[in-house]
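Letter by letter, the chains look like this.
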Amino acid sequence: MPIDATKPYDPSNIFARILRGEIPSKRIYEDDHALAFHDINPQAPVHILVIPKGAYVSWDDFSERGSDEEIAGFIRAVGKVARDMGLVARGYRLLANIGRLAGQEVPHLHVHIFGGQPLGPMLGR
Ligand code: AMP
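This is a predicted model, so every value here is computed, not measured. (Residues numbered from 1 in each chain as written. Predicted model: local features only at pLDDT ≥ 70, side-chain atom pairs only at ≥ 80, totals over all residues. Heavy atoms only, no water.)

## A look at the site of the ligand
For the record, the criterion: When we say a residue is near a molecule or strand, we mean one of its heavy atoms is within 4 Å of it. For this analysis, a polar contact is any N or O atom pair within 3.5 Å, provided that within protein one partner can donate a hydrogen and the other can accept it, and provided that sequence-adjacent residues contribute only side-chain to side-chain pairs. Surface exposure here means Shrake-Rupley accessible area, sampled with a 1.4 Å probe, where a residue is shielded only by the protein chains that are shown. Here a strand is any run of E in DSSP of at least two residues, a helix any run of H or I of at least four, and the numbering for each starts at the N terminus.
Inspection of the region around the ligand gives 17 residues, with Asp39, Asn97, Glu105, His110 and His112 positioned closest. Contact distances for the ligand include 3.2 Å between an oxygen atom and a backbone N or O atom of Gly103. The side chain of His110 places a nitrogen or oxygen atom 2.8 Å from an oxygen atom of the ligand. Burial of the ligand by the protein amounts to 83% of the accessible area it has alone, namely 510 Å². Per-element tally for the shell around the ligand: the top contributor is helix H1 (residues 14-19), with three residues.

Right under this line is the structure:
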């Protein structure tokens, strides 16, 4: 069920629980600002999620309330994960769903990194 991205942050969401170590994830990278782990239901040979450590519902929320340090740290982490995974030479795709029309399911900002195969048209039509 897609979320309403205007709702306040819900600390019981599944990615908050992953950040707190309450449920397992296949972690790839972690620093002061971000955590990256494999998507549980991969849509491509490489499908990684990168999340900020702070409590932000979506890209909209993060871009409004995140500090310059958090935003810079998060964006650098996304780029580093893609480089470390060897994705740059062949290319990859970033995706962030925000709210209902985009089909955002988890109310903690996450950027999807897709790679490892031709990724098709942007909106799949
Ligand atoms: P979105 O539709 O952009 O909110 O994407 C949510 C993503 O989270 C989906 O691709 C799910 O497969 C993924 N996901 C949900 N639960 C988990 C989990 N426990 N570990 C890893 N990925 C998850």
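## What to know about helix H3 (residues 68-84)
Counted only if it meets this: By this rule, a helix spans an expected 1.5 Å times one less than how many residues it contains. Burial classes: relative accessible area under 20% of the type maximum marks a residue as buried, over 50% as exposed, and values in between as partly exposed (1.4 Å probe, protein chains only).
With 17 residues, H3 ought to run about 24 Å at 1.5 Å a step, and its terminal C-alpha atoms sit 24 Å apart, in line with that. Within the span of H3, buried status applies to Gly73, Phe74, Ala77, Val78, Gly79, Val81 and Ala82.

## Looking at the pairing of strand S2 (residues 34-38)
Regular strands place side chains that alternate from one sheet face to the opposite one. Short version of the rule: In this description, strands pair whenever DSSP reports at least two bridges between them.
Here S2 lies mainly inside the structure; four of its five residues are buried. When strand S1 (residues 27-30) meets S2, the two strands line up antiparallel, connected through three bridges. In the strand pairing of S2, Glu30 is matched with Leu35. Connecting S1 to the next strand, S2, in antiparallel fashion are three residues. Bridge count between S2 and strand S3 (residues 46-52): five bridges; the pairing is antiparallel. Among the inter-strand pairings, Phe37 is bridged to a residue of S3, identified as Leu49.

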